[in-house]
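Overview (structure and organization)
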Amino acid sequence: MKRPEKIPADIWQQIESQIYQNQKIEAIKTYRNATGEGLKESKEAIEQFTVELKKGNPLNFSTQKSGCGTTLFLLSLLPFLYYLWH
């Protein structure tokens, strides 16, 4: 994706990094600080950049799992463990 002219290269790299790491709110804040645009415009711009980056470099995005599956599995074991103890 081409860097917008109003954003310095180092700031743009920071925004791209935040987008790749799924830190959308941080990317919006960084974009707002760099451009002086409002929240709505910044949010829309970051969403557009995210779509374009995903098309061009899908492997660069963080694949960090949330851990919800493991938590649900462990919680589902509680009744069974309770049964074994009593």
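Scroll up a little and you will see the structure.
First things first, this report covers the structure right here in the doc.

1. Thoughts on the packing of aromatic side chains
Scanning the entire structure with this criterion turns up two aromatic pairs. Taking the centre distance of 4.9 Å and the plane angle of 90 degrees together, the rings of Trp12 and Phe49 count as edge-to-face. Pair noted here: Trp12 is in helix H1 (residues 9-20) and Phe49 is in helix H3 (residues 39-56), with a separation of 37 residues, a long-range link. An identical accessibility class is assigned to Trp12 and Phe49; each is buried. Note on Tyr31 and Phe49: the rings are 5.8 Å apart at their centroids and 65 degrees apart in plane angle, and the pair reads as edge-to-face. Of this pair, Tyr31 sits in helix H2 (residues 24-35) while Phe49 sits in helix H3, and the two are 18 residues apart along the sequence. Accessibility classification places Tyr31 together with Phe49 in one group, the buried group. What links up through ring pairs into an aromatic cluster is the set Trp12, Tyr31 and Phe49.

So, how was this worked out
- Residues numbered from 1 in each chain as written.
- Predicted model: local features only at pLDDT ≥ 70, side-chain atom pairs only at ≥ 80, totals over all residues.
- Heavy atoms only, no water.
- Phe/Tyr/Trp six-rings, centres within 6.5 Å; stacked < 30°, edge-to-face > 60°.
- Helix = DSSP H or I, 4+ residues; strand = E, 2+ residues; numbered from the N terminus.
- Buried < 20%, exposed > 50% of the residue type's maximum accessible area, 1.4 Å probe, protein only.

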